[in-house]
Amino acid sequence: MCTYYEVPDCEQLVLHFADAPEDEWRDKMSPLYRGPFMRAKNQGRELVVGQWGMIPLHSKTHIPTSSEGKRLSTVNARREGMAKSWTYGGPWRRGQRCIIPAQLYVEPYWGVAADRKLTV
C-alpha cells in the first residue's frame, strides 16, 4: 500500500476545491504527518488538516497505541475487512469518509524480485 504522497500547494487546492485550510501541513506526506483532507460537513464539505492514520479514542498520544500501550500501525486498510476491523470498523460503519488531495503518490511494486536476471 502507498505510504508516501505529495500534497498540492495552497494555490492548487484553491483552484481545484475553491478552498484551502488555514492550518499548516507537510507537502510530502508519510504516516503520522499532518496534511489536508476533505470531509463532509452538514450538506457540504470542508477542507481541513489532520493526521494520517487512525487514532483510537483511548490513545494518550498522537501515535496510535493499543489499550496496553503498544504502538499500532493504522495507516492502511483493505476494503474487505473494514466493517469488521477493530481499528476502522466504527468510522467505516458511520460512513466517515474523506478525500485526500494528492498530486502524486508512490506505490511500491511487490511482484517479481528486482534482482531477477533476464536471459537473452
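Structure shown above.
Cut-offs applied
Residues numbered from 1 in each chain as written. Predicted model: local features only at pLDDT ≥ 70, side-chain atom pairs only at ≥ 80, totals over all residues. Heavy atoms only, no water. Salt bridge = Lys/Arg side-chain N within 4 Å of Asp/Glu carboxyl O. Buried < 20%, exposed > 50% of the residue type's maximum accessible area, 1.4 Å probe, protein only. Polar contact = N/O pair within 3.5 Å; in protein donor to acceptor, adjacent residues only side chain to side chain. Helix = DSSP H or I, 4+ residues; strand = E, 2+ residues; numbered from the N terminus. Pairing = 2+ DSSP bridges. Phe/Tyr/Trp six-rings, centres within 6.5 Å; stacked < 30°, edge-to-face > 60°. Lys NZ or Arg CZ within 6 Å of the ring centre and 35° of its normal. Core = buried A, V, L, I, M, F, W, Y, C linked by side-chain atoms within 4.5 Å. Contact = heavy atoms within 4.5 Å.

(A) The arrangement of the pattern of salt bridges in detail. Evaluated as defined, the whole model comprises 3 salt bridges. Note that Lys41 and Glu46 form a salt bridge whose closest N and O atoms lie 3.9 Å from each other. Under the relative-accessibility criterion, Lys41 is labelled partly exposed at 44%. One network of salt bridges, with partners in common, ties together Arg39, Lys41 and Glu46.

(B) Molecular detail of helix H1 (residues 10–17). A side-chain oxygen of the first residue of H1 lies 3.2 Å from the backbone nitrogen of Glu11; this N-cap is Asp9. Among the residues trailing H1, Ala18 stands out with phi positive, at a value near 60°.

(C) Main features of the sheet that holds strand E4 (residues 44–51). If you walk across this open sheet you meet the 3 strands as E4-E3-E5, and the pairing is antiparallel. Edge positions in the sheet fall to E4 and strand E5 (98–99), since each of these pairs with one other strand and no more.

(D) Fine view of the packing of aromatic side chains. Counted according to the given criterion, the structure contains 1 aromatic pair. Aromatic side chains Tyr5 and Trp52 sit 5.3 Å apart centroid to centroid with 50° between the ring planes, which places their arrangement in the tilted category. With Tyr5 in strand E1 (residues 5–6) and Trp52 in the loop between E4 and helix H2 (89–93), the pair connects residues that are 47 residues apart, well separated along the chain. Of the two residues examined, Tyr5 and Trp52, each falls in the buried class. A cation over a ring is seen here: Arg26 above Tyr33, with NZ or CZ 3.8 Å from the ring centre. If you follow Arg97 out to its NZ or CZ, it ends over the ring of Trp92, 3.8 Å from the centre.

(E) A look at the nonpolar core. Counting 5 residues, the largest nonpolar core is built from Tyr5, Val7, Met29, Trp52 and Val75. Here Val7 is in contact with Trp25, Arg26, Asp27, Met29, Pro36, Pro101 and Gln103, once residues within four sequence places are set aside.

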